[in-house]
Amino acid sequence: MTTRQDLISLVRLTRDSASLFVKDIGNGLLVVSHNTLALLGLAVVSVLLVFSSQAGLRHKLESSALGWLNARQEARAEAEGNTLLAAAEPDAVARATATDPKELSRQQAAIAHWLARRYSVAPEPISRLVQEAWAVGNRAKVEPTLILAIMAIESRFNPFAQSAVGAQGLMQVMTRVHDDKYEAFGGSLAAFDPVTNLRVGVQVLKECIQRGGSLEEGLRFYVGAANLPEDTGYTARVLAEHDLLKAVISGRAVSPSTVPALRQLRDAASAPSTGDDSAQIALLR
C-alpha cells in the first residue's frame, strides 16, 4: 500500500514538475517576445524619428525605392514587348507647341482652322501660333495677320525649314545674323522652337519696317531685296496672303479654291528669274 502511494505521489510530483517547467518556459517565451516586440517597436520609432528629422535621407530612400519599383516594372513591360514604358515622359506634353482651338477667340479660331485647311497642318499647333501672333503682334504694334502671312509665305508653317543660305524656322530668320536675339532664349538652337522663332522674326520685321519707312519697303528689307530693283514678287505674295487673312477675320467665306488669281500670282512670283535678281536675293536671305 505504501509503495502504491509512493508511486502515485511520484507521478503526481512528476506531473506537477513538468507543468511547472512548461509554465516557466511559456512565461519565459512570453517575456522574451514582449521584450523583442518592445525592442522592435523602439527600433521602428527610432528609424521613423531619424527619417522625419532627415528630409534628405528620407527623400533619397523613397527615390531609391521608387526607382527600384519602376525598374522592375519596366523590365517586366519590355519582356512583354512594350518598349514605350521605359521611354515614357508624363511631362512631354509641356514641350508640345499646341493649343486647343476652342481656347481661342472666334476670329483667332477662324484663322487657325482656315490656315490648317489651306496648308494641310494640324489645327492645334496652328492655334498656338495664331495665339502667339496676336500676343506678340499687339506688343510690337504689328498686325497679327501680317505675321501669319509671312510665316505662310516663308515656310508654309514648317518650323524646321531652312533655305539654301541659312534662313531658318517659321519666319526664315537668318540665325547667324541675328544670333544675338536668340541669347535671351538660350542660344541659336532656339531658332527651331516655333514660338521663339516667331518672336525673333517679329522683332526683325519691326526693325525692317522702321528702317524702310513703310510696310512694303520693310518687307523688301526683310527678304533682303532693299537694294535691288526687284524682290521677285515677295512683297506682293505676303500682302495678298495678308488680305486673305483679314477677309477671313471679317467673316467672309474665303476658300483656296475661290482665289485662283492669288495662286497664279504666287506661281508667277515663285518662278525662277532669268536675271540675277533672284540669286542676289537668295544670297542676302
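Residues numbered from 1 in each chain as written. Predicted model: local features only at pLDDT ≥ 70, side-chain atom pairs only at ≥ 80, totals over all residues. Heavy atoms only, no water.

*Asks:* Please provide a residue-by-residue account of the overall build of the chain, values included.
*Replies:* Of the regular secondary structure elements, the chain holds 10 helices and two strands. Within the chain, the proportion of its 285 residues that are buried is 34%. Sequence-distant contacts in the chain: of pairs separated by 6 or more residues, those separated by 24 or more amount to 54%. Working note: accessible area of the chain is about 17500 Å², and carbon and sulfur atoms make up 58% of it. (Helix = DSSP H or I, 4+ residues; strand = E, 2+ residues; numbered from the N terminus. Buried < 20%, exposed > 50% of the residue type's maximum accessible area, 1.4 Å probe, protein only. Contact = heavy atoms within 4.5 Å. Areas by Shrake-Rupley, 256 points an atom, 1.4 Å probe, with all protein chains shown as cover.)

*Asks:* Lay out the nonpolar core with the relevant residues and their values.
*Replies:* Counting residues in hydrophobic clusters, the biggest one holds 50 residues, and the most contacted among them are Ile111, Leu115, Leu148, Ile150, Phe157, Met171 and Tyr222. When residues of this core are traced back to their parent elements, those giving at least two are helix H3 (106–119), helix H4 (123–140), helix H5 (144–155), helix H6 (194–212), helix H7 (215–223) and helix H8 (234–249). The contact partners of isoleucine 111, leaving out residues within four places of it in the chain, are Val130, Trp134, Leu148, Leu245, Val248 and Ile249. (Core = buried A, V, L, I, M, F, W, Y, C linked by side-chain atoms within 4.5 Å.)

*Asks:* Any chance you could break down the confidence of the model for the chain for me, citing the residues and the numbers?
*Replies:* When the pLDDT values of the chain are averaged, the result is 81; 68% of them are 70 or greater. Contacts from residues 260–284, a stretch scored under 50 in pLDDT, to residues over four places away or in other chains number 35 contacts. (pLDDT = per-residue confidence, 0-100.)

*Asks:* So, the environment of serine 255: which residues are in play, and what are the values?
*Replies:* Turning to its location among the elements, serine 255 is positioned in the loop between H8 and helix H9 (260–270). Along the chain, serine 255 and arginine 117 lie 138 residues apart, while their C-alpha atoms are 9.2 Å from each other.

*Asks:* Kindly report on unusual backbone geometry, identifying the contributing residues and their values.
*Replies:* The backbone of lysine 141 shows a phi angle near 60°, a positive value even though the residue is not glycine. You can see lysine 141 is positioned in the loop between H4 and H5. Phi is positive for glutamine 172, close to 50°, though the residue is something other than glycine. Inspection of the secondary structure puts glutamine 172 in the loop between strand E1 (167–168) and strand E2 (173–174).

*Asks:* Got a sec to walk through the pattern of salt bridges? Specific residues and values, please.
*Replies:* Taken as a whole and assessed by the stated rule, the structure comprises six salt bridges. Close ionic contact of glutamate 241 with arginine 118 constitutes a salt bridge, the shortest N to O distance being 3.4 Å. With glutamate 241 in helix H8 and arginine 118 in helix H3, the pair connects residues that are 123 residues apart, well separated along the chain. Since its relative accessible area comes to 13%, arginine 118 is described here as buried. (Salt bridge = Lys/Arg side-chain N within 4 Å of Asp/Glu carboxyl O.)

*Asks:* Which residues make up the packing of H4 against H5, and what are the values?
*Replies:* Their axes nearest at 8 Å, the elements H4 and H5 cross at an angle of 130°. The pairing of H4 with H5 is recorded here as oblique in orientation. Two packed elements cross with a definite hand, and for H4 against H5 that hand is right-handed. Counted together, Leu129, Val130, Ala133, Trp134 and Gly137 of H4 and Pro144, Thr145, Ile147 and Leu148 of H5 form the full contact between these two elements. Across the contact of H4 with H5, the residue classes break down as seven nonpolar, two polar and no charged. (Axes fitted to C-alpha atoms, helices over the stretch in contact; angles between N-to-C directions. Parallel < 35°, antiparallel > 145°, perpendicular 65-115°, else oblique. Left-handed = near helix turned anticlockwise from the far one by under 90°. Nonpolar A, V, L, I, M, F, W, Y, C, P; charged D, E, K, R; others polar.)

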